[in-house]
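# Tertiary structure, described
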Amino acid sequence: MRLFKSKDKGPYPKSFAKRLTRRIMVTLFITMSVVSLIIYGIAWIIVMGNAVVLSDSILTNKLQPTEKKLTEVYTAAVNTVPDIENSLNRPDRLRSIMKHIVELNPSVRSCGLSFRENYYADKGRWFCPYAIRSDSNSTVVNTQTLDGKTNDYLRAEWFQKALKSKEGHWSKPFFTGQHKDTALVAYLIPIRDGRDSTVAVLGVDVLMSQLFPSASIENYSDSAGKWAAEKEIYFFAIDSTGTYLRHPDRTRVVRKNIFDYATDSTTAYGRLANAMTASGKKGKYISTDDDELMVEGEEVYVSYEPVEHTPWTMALVIPRFFINVFTWMLGGFLLFFILLGLIVVYFAGRRGIKKVSKPLNQLAASADEVAKGHFDTPLPLMKHRDEIHQLRDSFENMQHSLTKYIEELKTTTAQKASIESELNIAHDIQMSMLPKTFPPYPERTDIDIYGSLTPAKGVGGDLFDFHIRDEKLYFCIGDVSGKGVPASLFMAVTRSLFRNVSTYASNPADIVTALNNAQAEGNDTNMFVTLFVGALNLHTGLLTYCNAGHDAPLLVGRDVGQLPCDANLPIGLFPDFKFTQQEISIDPGTTIFLFTDGLNEAENMEHAQFGDMRIWNTAKALLAEGKHQPRSIIEVMTNQVHRFVGDAEQSDDLTMLAIQYKDNNKVKK
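Residues numbered from 1 in each chain as written. Predicted model: local features only at pLDDT ≥ 70, side-chain atom pairs only at ≥ 80, totals over all residues. Heavy atoms only, no water.

## Observations regarding the sheet that holds strand β1 (residues 110–115)
Convention followed: Note on pairing: DSSP must find at least two bridges between two strands before they are called paired. Counting from the N terminus, the helices are DSSP H or I runs at least four residues long and the strands are E runs at least two residues long. Contact criterion: two residues are considered in contact whenever any of their non-hydrogen atoms come within 4.5 Å of each other. A fitted line through C-alpha atoms serves as each axis, taken over the contacting stretch for helices, and the angle formed by two N-to-C directions is quoted from 0 to 180°.
With respect to topology, six strands assemble into an open sheet ordered β3-β2-β1-β6-β5-β4, the strand pairing being antiparallel. Two strands bound the open sheet, and with one partner strand each, they are β3 (141–146) and β4 (169–170). Both strand β5 (residues 184–192) and strand β6 (residues 198–207) contribute to a ladder of nine bridges, which runs antiparallel. Residue pairing in the sheet places Ile189 in a bridge with Leu202 of β6. Contacting β1, β2 (128–133), β3 and β6, helix α2 (residues 94–104) runs over the sheet at an angle of about 25° to β2.

## Thoughts on the packing of aromatic side chains
Applied cut-off: Centres within 6.5 Å make a pair out of two Phe, Tyr or Trp rings, where for Trp the six-membered ring is used; the pair is then stacked when the planes are under 30 degrees apart, edge-to-face when over 60, and tilted otherwise. Relative accessibility under 20% of the residue-type maximum defines a buried residue, over 50% an exposed one, and the middle range a partly exposed one, all with a 1.4 Å probe and only protein chains included.
Within this structure, the stated rule accounts for 19 aromatic pairs. With centroids separated by 5.0 Å and ring planes inclined at 55°, the aromatic side chains of Phe438 and Tyr450 adopt a geometry described as tilted. With a gap of twelve residues between them, Phe438 in the loop between α9 (387–433) and β13 (447–454) and Tyr450 in strand β13 connect regions that are remote in the sequence. For Phe438, a relative accessible area of 17% gives the class buried. Residues Phe610 and Phe644 carry aromatic rings whose centres are separated by 5.6 Å and whose planes lie at 70° to one another, so their mutual orientation is edge-to-face. Note that Phe610 is positioned in the loop between α12 (597–600) and α13 (611–624) and Phe644 in helix α14 (residues 630–645), a separation of 34 residues in sequence. Classification of Phe610 by relative accessible area gives buried; the value is 2%. Of the aromatic side chains, those joined through ring pairs into one cluster are Tyr74, Trp170, Tyr187 and Trp312.

## What about helix α6 (residues 268–278)?
Looking at α6, one finds that the buried residues are Ala268, Tyr269, Gly270, Leu272, Ala273, Met276 and Thr277. Gly280 occupies a position one or two residues after α6 and carries a positive phi of about 70°.

## Some points on the nonpolar core
Note the threshold: Throughout this description, the term nonpolar core refers to a set of buried Ala, Val, Leu, Ile, Met, Phe, Trp, Tyr and Cys residues connected via side-chain atoms within 4.5 Å.
Formed by 72 residues in total, the largest nonpolar core has its most connected members in Phe475, Leu536, Phe593, Leu599 and Ile659. When near neighbours in sequence (up to four residues on either side) are disregarded, Leu536 contacts Ile447, Glu471, Lys472, Leu473, Phe475, Gly541, Leu542, Leu543, Ile586, Ile659 and Tyr661.

## With respect to the environment of Tyr120
Among the secondary structure elements, Tyr120 is positioned in the loop between β1 and β2. Tyr120 sits in the buried class, given a relative accessible area of 9%. Between the C-alpha atoms of Tyr120 and Pro91, which are 29 residues apart in sequence, the distance is 8.4 Å. Leaving out residues up to four positions away in the same chain, Tyr120 has contacts with Leu88, Pro91, Leu94, Phe115 and Phe127.

## Re the pattern of salt bridges
For clarity, the threshold we go by: Any carboxyl oxygen of Asp or Glu that lies within 4 Å of a side-chain nitrogen of Lys or Arg is treated as forming a salt bridge with it.
In this structure the tally under the stated criterion is 16 salt bridges. Between Asp92 and Lys123 there is a salt bridge, and its shortest N-O distance comes to 2.9 Å. With a gap of 31 residues between them, Asp92 in the loop between α1 (16–86) and α2 and Lys123 in the loop between β1 and β2 connect regions that are remote in the sequence. For Asp465, the salt bridge goes to Arg499, with nearest N and O atoms at 2.6 Å. You can see Asp465 sitting in strand β14 (residues 462–469) and its partner Arg499 sitting in helix α10 (residues 484–501), a full 34 residues away along the chain. For Asp465, a relative accessible area of 0% puts it in the buried group. Connected via shared salt-bridge partners are Arg444, Asp446 and Glu471.

## Here's the deal with a nonpolar patch on the surface
As a reminder, the rule being used: Like-charged residues within 9 Å of one another, or nonpolar side chains (Val, Leu, Ile, Met, Phe, Trp, Tyr) within 5 Å, are grouped into patches, provided each residue has over 30% relative accessible area and no salt bridge. For every accessible area listed, the method is Shrake-Rupley and the probe measures 1.4 Å; residues are considered covered only by the protein chains on display.
Together, Val26, Phe29, Ile30, Val34, Ile38, Ile42, Leu335 and Leu339 give the surface a local cluster of nonpolar side chains, amounting to about 700 Å² of exposed area. Elements with a contribution of two residues or more to the nonpolar patch: α1 and α7 (320–356). Top contributing element to the nonpolar patch by residue count: α1, with six residues. By secondary structure assignment, the location of Val34 is in helix α1. The class of Val34 is partly exposed, set by a relative accessible area of 43%.

## Considering α14
This is how it is decided: By this rule the span expected of a helix is its residue count minus one, scaled by 1.5 Å. Arc definition: directions from the helix axis to the C-beta atoms.
Helix length check: α14 (16 residues) gives 22 Å between terminal C-alpha atoms against 22 Å at 1.5 Å per residue, within 8%. Those residues of α14 not exposed but buried are Pro630, Ile633, Ile634, Met637, Thr638, Val641, Phe644 and Val645. Looking straight down α14, one finds its buried side chains confined to an arc of 135°; they lie on one side. For α14, the elements touching its buried residues are β13, β21 (590–595), α12, α13 and β22 (654–661). One or two residues past the end of α14 sits Gly646, with phi positive at roughly 65°.

## Things to note about the packing of α10 against helix α11 (residues 508–520)
Formally: We call two directions roughly parallel when the angle between them is under 35 degrees, roughly antiparallel when it is over 145, roughly perpendicular when it lies between 65 and 115, and oblique otherwise. By definition, turning the near helix anticlockwise from the far helix through less than a right angle yields a left-handed crossing, and turning it clockwise yields a right-handed one.
Contact geometry for α10 and α11: axes closest at 10 Å, N-to-C directions at 140°. Judged by the angle between their axes, α10 and α11 are oblique. Every pair of crossing elements has a handedness; the one defined by α10 and α11 is right-handed. From α10, Phe490, Val493, Thr494, Leu497, Phe498 and Val501 reach across to α11, where they touch Ile511, Ala514, Leu515, Ala518 and Gln519.

## Some words on the side chain of Arg495
One can find Arg495 in helix α10. Assessed through its relative accessible area of 16%, Arg495 is described here as buried.

## Focus on the sheet that holds β21
Through backbone hydrogen bonds, the strands of a sheet pair up, either in parallel or in antiparallel fashion. As summarised here, the arrangement of the five strands in space is β13-β22-β21-β18-β19, forming an open sheet in which the pairing is antiparallel. Since the sheet does not close on itself, it has two edges, and those belong to β13 and β19 (560–562), each with one partner. Strand-to-strand twist across the sheet, computed as the mean angle between neighbouring axes with direction ignored, equals 15°. Two strands pair when backbone bridges link them, and strand β18 (residues 554–556) and β19 are joined in this way by three bridges, in the antiparallel orientation.

## Here we look at the confidence of the model for the protein chain
We count it as follows: The predictor rates its confidence in each residue with pLDDT, a number between 0 and 100.
Overall, the predicted model of the protein chain reaches an average pLDDT of 80, with 82% of residues at or above 70. Mean pLDDT in the protein chain bottoms out at helix α5 (residues 223–230), which sits at 41, and peaks at strand β17 (residues 542–548), which reaches 97. The low-confidence segment residues 1–8 (pLDDT under 50) makes 13 contacts with residues lying over four places distant or belonging to another chain. Predicted confidence is poor over residues 218–230, with pLDDT under 50, and the contacts of this stretch with residues over four places away or in other chains come to 15 contacts.

## Some thoughts on the packing of α13 against α14
If you want to describe how two helices pack, look at the angle between their axes and the distance between the axes. Here is the rule: By the convention adopted, Pro, Cys, Tyr, Trp, Phe, Met, Ile, Leu, Val and Ala count as nonpolar, Lys, Arg, Asp and Glu as charged, and the other residues, Gly among them, as polar.
Two elements in contact, α13 and α14, have axes separated by 10 Å at closest approach and are oriented at 135°. Relative to α14, the element α13 lies oblique. Where α13 crosses over α14, the handedness of that crossing is right-handed. On the side of α13, the interface is formed by Arg614, Ile615, Thr618, Ala619 and Leu622, while α14 contributes Ser632, Ile633, Val636, Met637, Gln640 and Phe644. Looking at the contact of α13 with α14 residue by residue, the classes come out as seven nonpolar, three polar and one charged.

Set out below in structure tokens:
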């Protein structure tokens, strides 16, 4: 195959067949990857569904013995209440009732009946019949009566809360002197006398280790339980406040709270903690790429379920890695077979494509000669009537039409040069219509004016003008919709109308109304002009003005502020529109800065706009330096916008007009 050289772009690609093969391979790879991702997603859903079913089953099995023991304790306490209430007049019998409760319920560690202060006058201030098992596995139950020296329950929070409660409830976990390492929890139920007054609190204590035998699932004998235990899957339980009741880390039990590790409620862990402590319903939380649930520094899947008859919640924690491992294996197999298939397709497809593309090489050599100007170069003959043959016929037609095209191009080039010359003349004419001598009134000390207009094309649609009549400065600035020659013609008419109407009309609103009616008449192109017209009394500093849809000017004097302007329509749209007129007093030394949207909407290469804020900041900086004279403002603003725009092409006409009202001395002495 020939290798053609290009002075501008370097050597041509060495092989069209290779390039086409690569594109086909990329297409195949993307297609097969999408299919694989779909299969991967389906597999992930299936694996996740099985994981959810398995976790629910494990969690339910774990809860069953706990709920059974809680039910036994709850039933024992509730069923004993009538016997206790019937025995209130026989306090010596109460210890035997406590002992009976402990003996009949292997899950109960101890049981006590705490009475109000001085309820039995002969018993003293404290009276608490109490029964306790000698150890957690013993059937021997000891009884005694607790006094305030060993247990001042009268001031305890649990006792005061239980007295006010109307029904039984589970207490917060706690430690005792006998069980410093193992937490206990008690079911507390109020005891009432014949007058329905709460006189005592029955407390049935249970070791947390009896309710939650293990924080892991290693005690399960089935294969799923053994597999999970090896992968560090574990349980934990919390109460309604988030306090740990059970956890593999025993230092957390009772002493720590889940919110100690989920301090930010906006994170996935924080939302999980809130849901477990507030909902009272079963649920699950899966860590995703967009919302990672991090527990102990690892992404996990958590399934939780409330414990019946309690304000507690138990949760099963499964690291997400073990859910994803199966889908990763499937993805690896899919990737292997995709790569294997692509290798086979690459070598087989490249050979066939190389053979089919051979006529293109011949046609490329002939086309290169034609490009050098040899229009009579013969083209290769094609055997097959296909797209390549059609391309060869197109080149042949091109040979016949190139000569004619070049002649037409010469004629068009000459015409374009003539048009550009005419546009340059039109630009000069347009610029000559605008004020260009500054300062325009060198003999006056009460006014300073400077203006600038830079069209985006050879001719533009922006305008500004001013003149003094009857010791009033009449001025305007405007922006015609559109660009180019049509906008320039509309601009020229608007400027002429302003100069004519403002020679006899005194009110800006009347001037704008006259211009609007004149431009709206016969306006088949629906062009319009945003226009600001003002009249500044050079004796008093009173500025009367009318704004027709134009950007509000800035006042740069004591501070930088925007001139308040009513929302009027641009001129040329609707005849007889009622324009409003406004007025404001201008302090000496204040500069009125007017501009078109070519300033604030100037864009850089990233299409970011110069914006009103940069205009304000530049004006404030000049004011702070005392350089807010008209020429200074416009020159600095021009430099700032050019620096901001950089190499970006100017997209709109840039026009600025600055007028500084100085004092009431009209003419130099």
